[in-house]
Amino acid sequence: MTAPLFIALPGNAHMAEKLAMLCGSELGAIETRDFPDGETYLRFRSDVAGRSIVLVCTLARPNEKILPLIFAAETARELGARKVGLVAPYLCYMRQDRRFQTGEAVTSRPFATLISRACDWLVTIDPHLHRYKALSEIYAIPARALHAGAAIADWIRNNTEDPFLIGPDEESKQWVSEVACDCGANYAVLHKQRLGDRDVRIAPDHLDRIGGARPVLIDDIISSGETMLEAVRAVKPYTRRAPIAIGVHGLFADGSDKAIEKEGATLVTSDTVPHASNRIDIAGLLAPAIMDFAG
Ligand code: R5P
(Lines give C-alpha, C1' and ligand atoms only; values in the text may rest on other atoms or scores of the structure.)
Protein backbone atom coordinates (compact mmCIF):
# COMPACT_ATOMS: atom_id res chain seq x y z
CA MET A 1 0.00 0.00 0.00
CA THR A 2 1.43 3.44 -0.91
CA ALA A 3 2.10 6.04 1.79
CA PRO A 4 -0.49 8.76 2.41
CA LEU A 5 -0.32 11.86 0.25
CA PHE A 6 -0.34 15.15 2.18
CA ILE A 7 -2.08 18.12 0.60
CA ALA A 8 -1.68 21.62 2.06
CA LEU A 9 -4.65 23.93 1.72
CA PRO A 10 -3.51 27.60 1.33
CA GLY A 11 -1.44 28.81 4.30
CA ASN A 12 -0.63 25.32 5.54
CA ALA A 13 2.47 24.44 3.47
CA HIS A 14 4.94 24.58 6.35
CA MET A 15 2.88 22.34 8.65
CA ALA A 16 2.07 19.92 5.81
CA GLU A 17 5.78 19.63 4.90
CA LYS A 18 6.72 18.87 8.51
CA LEU A 19 3.94 16.28 8.82
CA ALA A 20 4.77 14.58 5.52
CA MET A 21 8.41 14.33 6.58
CA LEU A 22 7.57 12.96 10.04
CA CYS A 23 5.21 10.41 8.47
CA GLY A 24 7.74 9.40 5.79
CA SER A 25 5.23 10.48 3.15
CA GLU A 26 5.17 12.88 0.25
CA LEU A 27 3.57 16.23 -0.28
CA GLY A 28 1.15 16.49 -3.20
CA ALA A 29 0.32 19.64 -5.11
CA ILE A 30 -2.95 21.49 -5.32
CA GLU A 31 -3.74 24.73 -7.10
CA THR A 32 -6.36 27.08 -5.72
CA ARG A 33 -7.22 30.61 -6.69
CA ASP A 34 -10.16 32.95 -6.79
CA PHE A 35 -12.03 33.68 -9.99
CA PRO A 36 -12.55 37.43 -10.56
CA ASP A 37 -16.00 37.14 -8.98
CA GLY A 38 -14.61 35.56 -5.82
CA GLU A 39 -15.60 31.94 -6.50
CA THR A 40 -12.94 29.29 -5.89
CA TYR A 41 -10.96 27.44 -8.58
CA LEU A 42 -9.30 24.25 -7.37
CA ARG A 43 -7.24 21.61 -9.16
CA PHE A 44 -5.20 18.67 -7.88
CA ARG A 45 -1.78 18.71 -9.56
CA SER A 46 -0.91 15.29 -8.09
CA ASP A 47 -2.62 12.02 -8.87
CA VAL A 48 -4.84 11.12 -5.90
CA ALA A 49 -6.45 7.97 -7.38
CA GLY A 50 -6.17 5.03 -4.99
CA ARG A 51 -4.27 7.14 -2.41
CA SER A 52 -5.01 7.92 1.20
CA ILE A 53 -5.22 11.71 1.19
CA VAL A 54 -4.40 13.89 4.20
CA LEU A 55 -5.74 17.42 3.85
CA VAL A 56 -3.91 19.85 6.13
CA CYS A 57 -6.00 22.91 6.92
CA THR A 58 -5.93 24.84 10.15
CA LEU A 59 -9.26 26.56 10.61
CA ALA A 60 -8.53 29.98 12.10
CA ARG A 61 -10.66 32.63 10.31
CA PRO A 62 -12.61 29.69 8.97
CA ASN A 63 -15.30 31.01 6.68
CA GLU A 64 -12.96 31.67 3.75
CA LYS A 65 -11.29 28.27 4.26
CA ILE A 66 -14.26 25.98 4.57
CA LEU A 67 -15.52 25.93 0.97
CA PRO A 68 -12.06 25.28 -0.58
CA LEU A 69 -11.61 22.49 2.00
CA ILE A 70 -14.95 20.87 1.16
CA PHE A 71 -14.22 21.23 -2.57
CA ALA A 72 -10.81 19.56 -2.06
CA ALA A 73 -12.27 16.66 -0.06
CA GLU A 74 -15.13 16.03 -2.50
CA THR A 75 -12.85 16.33 -5.54
CA ALA A 76 -10.29 13.92 -4.08
CA ARG A 77 -13.08 11.37 -3.68
CA GLU A 78 -14.39 11.95 -7.21
CA LEU A 79 -10.85 11.43 -8.52
CA GLY A 80 -10.68 8.05 -6.79
CA ALA A 81 -8.90 8.72 -3.47
CA ARG A 82 -9.12 5.66 -1.20
CA LYS A 83 -9.85 7.83 1.85
CA VAL A 84 -9.69 11.50 2.72
CA GLY A 85 -8.76 12.73 6.17
CA LEU A 86 -8.53 16.20 7.67
CA VAL A 87 -5.76 17.48 9.92
CA ALA A 88 -7.05 20.72 11.41
CA PRO A 89 -4.50 21.74 14.08
CA TYR A 90 -7.03 24.39 15.13
CA LEU A 91 -10.64 23.26 14.81
CA CYS A 92 -13.13 26.10 14.48
CA TYR A 93 -16.80 26.35 15.48
CA MET A 94 -16.49 24.52 18.77
CA ARG A 95 -17.41 27.31 21.17
CA GLN A 96 -21.04 27.77 20.13
CA ASP A 97 -21.93 24.49 21.79
CA ARG A 98 -25.37 25.37 23.07
CA ARG A 99 -28.20 27.77 22.37
CA PHE A 100 -27.34 30.56 24.81
CA GLN A 101 -30.26 32.70 23.57
CA THR A 102 -33.50 31.82 21.81
CA GLY A 103 -33.11 31.32 18.07
CA GLU A 104 -29.31 31.10 18.01
CA ALA A 105 -27.53 28.65 15.71
CA VAL A 106 -25.54 26.01 17.57
CA THR A 107 -22.92 26.23 14.83
CA SER A 108 -20.71 23.46 16.22
CA ARG A 109 -23.30 20.90 15.09
CA PRO A 110 -23.93 21.80 11.42
CA PHE A 111 -20.20 22.41 10.99
CA ALA A 112 -19.41 18.94 12.35
CA THR A 113 -22.05 17.46 10.02
CA LEU A 114 -20.46 19.19 7.02
CA ILE A 115 -16.97 17.87 7.83
CA SER A 116 -18.28 14.39 8.68
CA ARG A 117 -19.92 14.18 5.23
CA ALA A 118 -16.81 15.34 3.36
CA CYS A 119 -14.02 13.53 5.24
CA ASP A 120 -13.36 10.04 6.57
CA TRP A 121 -11.46 11.07 9.71
CA LEU A 122 -10.30 14.09 11.66
CA VAL A 123 -7.29 14.86 13.84
CA THR A 124 -6.98 18.09 15.82
CA ILE A 125 -5.32 19.66 18.85
CA ASP A 126 -7.22 20.79 21.95
CA PRO A 127 -10.60 21.57 20.42
CA HIS A 128 -12.73 23.63 22.77
CA LEU A 129 -14.42 20.75 24.55
CA HIS A 130 -16.38 22.29 27.36
CA ARG A 131 -20.05 21.35 27.31
CA TYR A 132 -19.24 18.56 24.81
CA LYS A 133 -17.01 16.02 26.46
CA ALA A 134 -15.80 14.40 23.22
CA LEU A 135 -15.78 15.16 19.48
CA SER A 136 -17.82 11.99 18.95
CA GLU A 137 -20.85 13.82 20.40
CA ILE A 138 -21.08 15.86 17.18
CA TYR A 139 -18.66 14.30 14.64
CA ALA A 140 -19.89 11.14 12.90
CA ILE A 141 -16.40 10.14 11.70
CA PRO A 142 -13.43 8.85 13.72
CA ALA A 143 -12.05 12.03 15.29
CA ARG A 144 -9.09 12.36 17.61
CA ALA A 145 -8.42 15.33 19.90
CA LEU A 146 -4.77 15.51 20.94
CA HIS A 147 -3.52 17.59 23.85
CA ALA A 148 -0.76 20.18 23.75
CA GLY A 149 -0.46 20.08 27.56
CA ALA A 150 2.75 18.01 27.69
CA ALA A 151 4.40 20.17 24.99
CA ILE A 152 3.43 23.33 26.91
CA ALA A 153 4.79 21.86 30.14
CA ASP A 154 8.08 21.05 28.33
CA TRP A 155 8.33 24.62 27.08
CA ILE A 156 7.70 26.03 30.55
CA ARG A 157 10.26 23.69 32.15
CA ASN A 158 12.91 24.59 29.56
CA ASN A 159 12.29 28.34 29.52
CA THR A 160 11.02 29.46 32.93
CA GLU A 161 12.30 29.22 36.45
CA ASP A 162 9.83 29.09 39.30
CA PRO A 163 6.57 29.42 37.30
CA PHE A 164 3.17 30.03 38.89
CA LEU A 165 0.43 28.97 36.43
CA ILE A 166 -2.80 30.89 36.02
CA GLY A 167 -5.95 29.95 34.13
CA PRO A 168 -8.06 32.99 33.24
CA ASP A 169 -11.39 31.22 33.68
CA GLU A 170 -12.98 28.00 34.91
CA GLU A 171 -12.89 26.47 31.40
CA SER A 172 -9.08 26.67 31.38
CA LYS A 173 -8.78 24.58 34.53
CA GLN A 174 -8.42 21.35 32.54
CA TRP A 175 -5.25 22.62 30.77
CA VAL A 176 -3.76 24.58 33.63
CA SER A 177 -4.10 21.83 36.23
CA GLU A 178 -2.56 19.24 33.87
CA VAL A 179 0.37 21.47 32.88
CA ALA A 180 0.95 22.52 36.51
CA CYS A 181 1.09 18.88 37.56
CA ASP A 182 3.60 18.12 34.74
CA CYS A 183 5.79 21.08 35.77
CA GLY A 184 5.45 20.57 39.49
CA ALA A 185 4.17 24.17 39.73
CA ASN A 186 1.41 25.80 41.75
CA TYR A 187 -1.60 27.21 39.92
CA ALA A 188 -4.72 29.30 40.34
CA VAL A 189 -7.86 29.61 38.23
CA LEU A 190 -9.54 33.00 37.99
CA HIS A 191 -13.22 33.79 37.67
CA LYS A 192 -14.33 35.34 34.37
CA GLN A 193 -17.59 36.99 33.47
CA ARG A 194 -18.23 37.46 29.75
CA LEU A 195 -20.49 40.41 28.98
CA GLY A 196 -19.98 40.46 25.20
CA ASP A 197 -17.68 39.27 22.38
CA ARG A 198 -15.10 41.87 23.38
CA ASP A 199 -16.08 42.56 26.97
CA VAL A 200 -14.90 40.33 29.81
CA ARG A 201 -14.32 40.96 33.51
CA ILE A 202 -11.86 38.90 35.52
CA ALA A 203 -11.75 38.74 39.32
CA PRO A 204 -8.20 38.61 40.74
CA ASP A 205 -8.90 35.65 43.08
CA HIS A 206 -5.97 33.77 44.66
CA LEU A 207 -3.32 35.96 43.02
CA ASP A 208 -1.57 36.84 46.28
CA ARG A 209 -0.21 33.26 46.03
CA ILE A 210 2.11 34.28 43.15
CA GLY A 211 4.72 35.67 45.57
CA GLY A 212 8.09 35.93 43.79
CA ALA A 213 7.24 33.33 41.11
CA ARG A 214 6.91 34.05 37.37
CA PRO A 215 3.22 34.32 36.43
CA VAL A 216 2.42 32.11 33.43
CA LEU A 217 -1.11 32.47 32.05
CA ILE A 218 -2.47 29.61 29.96
CA ASP A 219 -5.60 29.47 27.81
CA ASP A 220 -6.70 27.25 24.95
CA ILE A 221 -7.72 30.02 22.55
CA ILE A 222 -6.71 33.67 22.34
CA SER A 223 -9.36 35.08 20.03
CA SER A 224 -10.41 38.70 20.60
CA GLY A 225 -7.61 38.62 23.19
CA GLU A 226 -9.84 40.22 25.84
CA THR A 227 -9.65 37.24 28.19
CA MET A 228 -5.85 37.16 28.13
CA LEU A 229 -5.57 40.94 28.25
CA GLU A 230 -7.85 41.22 31.31
CA ALA A 231 -6.05 38.32 32.98
CA VAL A 232 -2.66 40.01 32.44
CA ARG A 233 -4.09 43.24 33.88
CA ALA A 234 -5.47 41.35 36.88
CA VAL A 235 -2.11 39.69 37.55
CA LYS A 236 0.16 42.75 37.25
CA PRO A 237 -0.57 44.31 40.68
CA TYR A 238 0.50 41.03 42.34
CA THR A 239 3.92 40.61 40.73
CA ARG A 240 7.08 42.49 39.79
CA ARG A 241 7.91 39.93 37.10
CA ALA A 242 6.68 40.17 33.49
CA PRO A 243 3.92 37.62 32.87
CA ILE A 244 4.12 35.00 30.14
CA ALA A 245 0.85 34.50 28.23
CA ILE A 246 0.56 31.08 26.60
CA GLY A 247 -2.21 30.16 24.15
CA VAL A 248 -2.56 26.81 22.44
CA HIS A 249 -4.28 28.56 19.52
CA GLY A 250 -3.36 32.20 18.87
CA LEU A 251 -6.09 33.65 16.65
CA PHE A 252 -5.42 37.29 17.64
CA ALA A 253 -8.37 39.18 16.19
CA ASP A 254 -8.07 42.97 15.94
CA GLY A 255 -4.33 43.18 16.69
CA SER A 256 -4.85 41.73 20.17
CA ASP A 257 -1.35 40.20 20.06
CA LYS A 258 0.09 43.73 20.09
CA ALA A 259 -2.28 44.81 22.89
CA ILE A 260 -1.21 41.89 25.11
CA GLU A 261 2.47 42.59 24.46
CA LYS A 262 1.94 46.29 25.15
CA GLU A 263 0.54 45.30 28.54
CA GLY A 264 3.99 43.84 29.27
CA ALA A 265 3.39 40.11 28.71
CA THR A 266 5.51 37.79 26.59
CA LEU A 267 3.29 35.88 24.16
CA VAL A 268 3.92 32.20 23.47
CA THR A 269 1.73 30.00 21.27
CA SER A 270 1.84 26.58 19.70
CA ASP A 271 2.11 26.45 15.91
CA THR A 272 -1.47 25.26 15.34
CA VAL A 273 -2.00 28.72 13.82
CA PRO A 274 1.04 30.38 12.19
CA HIS A 275 2.13 33.49 14.16
CA ALA A 276 5.32 35.23 15.27
CA SER A 277 4.71 33.97 18.82
CA ASN A 278 4.86 30.27 17.80
CA ARG A 279 7.35 28.55 20.11
CA ILE A 280 5.70 25.19 20.73
CA ASP A 281 5.91 22.70 17.87
CA ILE A 282 2.99 20.28 17.69
CA ALA A 283 3.75 18.38 14.45
CA GLY A 284 5.35 15.53 16.43
CA LEU A 285 2.13 15.17 18.40
CA LEU A 286 -0.03 14.97 15.26
CA ALA A 287 2.06 12.54 13.21
CA PRO A 288 1.33 9.22 15.05
CA ALA A 289 -2.43 9.91 15.11
CA ILE A 290 -2.39 10.74 11.39
CA MET A 291 -0.62 7.48 10.60
CA ASP A 292 -3.19 5.53 12.65
CA PHE A 293 -6.00 6.86 10.47
CA ALA A 294 -4.29 7.39 7.10
CA GLY A 295 -1.93 4.44 6.95
C1 R5P B 1 -13.31 30.45 26.53
O2 R5P B 1 -14.22 29.80 26.65
C3 R5P B 1 -12.00 30.04 25.96
O4 R5P B 1 -11.36 29.09 26.77
C5 R5P B 1 -11.12 31.27 25.82
O6 R5P B 1 -10.93 31.85 27.09
C7 R5P B 1 -11.79 32.26 24.93
O8 R5P B 1 -12.14 31.67 23.73
C9 R5P B 1 -10.91 33.45 24.68
O10 R5P B 1 -11.61 34.34 23.87
P11 R5P B 1 -11.22 35.87 23.76
O12 R5P B 1 -9.78 35.94 23.40
O13 R5P B 1 -12.12 36.38 22.69
O14 R5P B 1 -11.51 36.51 25.08
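For the structure itself, consult the block above.
Below or above, wherever it landed, is the structure these notes cover. Please read these numbers as outputs of a predicted model, since none were measured by experiment.

### What to know about the overall build of the chain
And then number 1: Scanning the chain from N- to C-terminus turns up eight helices and 16 strands.
And then number 2: Since a compact globule built from 295 residues should have a radius of gyration of about 19 Å, the 20 Å found for the chain is in line with a globular shape.
And then number 3: Projected onto the principal axes, the alpha-carbon positions of the chain cover approximately 60 × 45 × 35 Å.
And then number 4: Each of the 295 residues in the chain was classed as buried or not, and the buried ones make up 52%.
And then number 5: A total accessible area of about 13400 Å² is found for the chain, and carbon and sulfur atoms account for 49% of it.

### Examining the packing of helix 1 (residues 13-22) against helix 8 (residues 283-294)
And then number 1: Taken N-terminus to C-terminus, the directions of helix 1 and helix 8 make an angle of 55°; their axes are 9 Å apart at the nearest point. With respect to helix 8, the axis of helix 1 lies oblique. The interaxial crossing formed by helix 1 with helix 8 has right-handed handedness. On helix 8, the residues touching M15, K18, L19 and L22 of helix 1 are A283, G284, L286, A287 and I290.
And then number 2: The residue inventory of the contact of helix 1 with helix 8, partitioned by class, reads seven nonpolar, one polar and one charged.

### Quick word on the packing of aromatic side chains
And then number 1: What the rule picks out here adds up to three aromatic pairs.
And then number 2: Considering the side-chain rings of F35 and Y41, the 5.8 Å spacing of their centres and the 90° angle between planes classify their relative orientation as edge-to-face.
And then number 3: With a relative accessible area of 23%, Y41 lands in the partly exposed category.
And then number 4: For the pair Y93 and F111, a centre-to-centre distance of 5.5 Å together with 45° between the ring planes defines the contact as tilted. You can see Y93 sitting in the loop between strand 6 (83-88) and helix 3 (108-118) and its partner F111 sitting in helix 3, a full 18 residues away along the chain.
And then number 5: For F111, a relative accessible area of 5% translates into the label buried.

### A look at the sheet that holds strand 10 (residues 186-189)
And then number 1: The strand order across the open sheet built from six strands is 10-9-13-14-15-16, with neighbouring strands paired in parallel fashion. Strand pairing shows two members of the sheet lacking a second neighbour, strand 10 and strand 16 (278-280), which therefore form its edges. Within the sheet, the average angular offset between the axes of one strand and its neighbour, ignoring direction, is 35°.
And then number 2: Where strand 13 (residues 214-222) lies against strand 14 (residues 244-250), six bridges are found, and the strand directions are parallel. Among the inter-strand pairings, L217 is bridged to a residue of strand 14, identified as A245.

### Considering the nonpolar core
As a rule of thumb, nonpolar side chains are buried together in soluble globular proteins.
And then number 1: Counting 42 residues, the largest nonpolar core has I53, L55, L91, I115 and Y139 as the members making the most contacts within it.
And then number 2: Those elements giving two or more residues to this core turn out to be strand 1 (5-8), strand 4 (40-44), strand 5 (52-56), helix 2 (63-78), strand 6 and helix 3.
And then number 3: Excluding residues within four positions of it along the chain, L55 makes contact with I7, L9, L69, A72, A73, V84, G85, L86 and V87.
And then number 4: If you look at the next biggest cluster of nonpolar residues, it comprises 40 residues, including A20, V123, A148 and I156.

Rules used in this analysis
In this convention, every chain numbers its residues from 1, walking through the sequence in written order. Owing to the predicted nature of the model, reporting of local features is limited to residues with pLDDT of at least 70; listing and counting of side-chain atom pairs is limited to 80 or more, with chain, interface and lining totals taken over all residues. As a rule here, side-chain values come from all non-hydrogen atoms in the structure, and water together with hydrogens is ignored. Every helix listed is a DSSP run of H or I at least four residues long, and every strand listed is a run of E at least two residues long, numbered separately from the N terminus. All radius of gyration figures rest on C-alpha atoms, and the globule criterion is 2.2 Å times the number of residues raised to 0.38. Accessibility here uses a 1.4 Å probe with only protein chains present; expressed as a share of the type maximum, an area under 20% marks a residue as buried, one over 50% as exposed, and anything in between as partly exposed. For accessible areas, the Shrake-Rupley method is used with a probe of radius 1.4 Å. Any residue's cover is judged against the shown protein chains and nothing else. Angular values range over 0 to 180 degrees, each being the angle between N-to-C directions of two axes fitted as lines to C-alpha atoms, with helices fitted over their stretch in contact. Comment on the angle field: the value is read as roughly parallel under 35 degrees, roughly antiparallel over 145, roughly perpendicular from 65 to 115, and oblique elsewhere. Left-handed describes a crossing in which the near helix is turned anticlockwise from the far one by less than a right angle; the clockwise case is right-handed. Only heavy atoms matter for contacts: two residues are in contact if any of them lie within 4.5 Å across the pair. Residue type decides the class: Asp, Glu, Lys and Arg count as charged, Ala, Val, Leu, Ile, Met, Phe, Trp, Tyr, Cys and Pro as nonpolar, and the leftover types, Gly among them, as polar. Under the pairing criterion, centres of Phe, Tyr and Trp rings, with the six-membered ring standing for Trp, must be within 6.5 Å; the plane angle then separates stacked pairs below 30 degrees from edge-to-face pairs above 60, leaving the rest tilted. The criterion for strand pairing is that DSSP finds at least two bridges linking the strands in question. In plain words, nonpolar cores are sets of buried Ala, Val, Leu, Ile, Met, Phe, Trp, Tyr and Cys residues tied together by side-chain atoms within 4.5 Å.

Bear in mind that shape data such as this cannot, by itself, settle questions of function.
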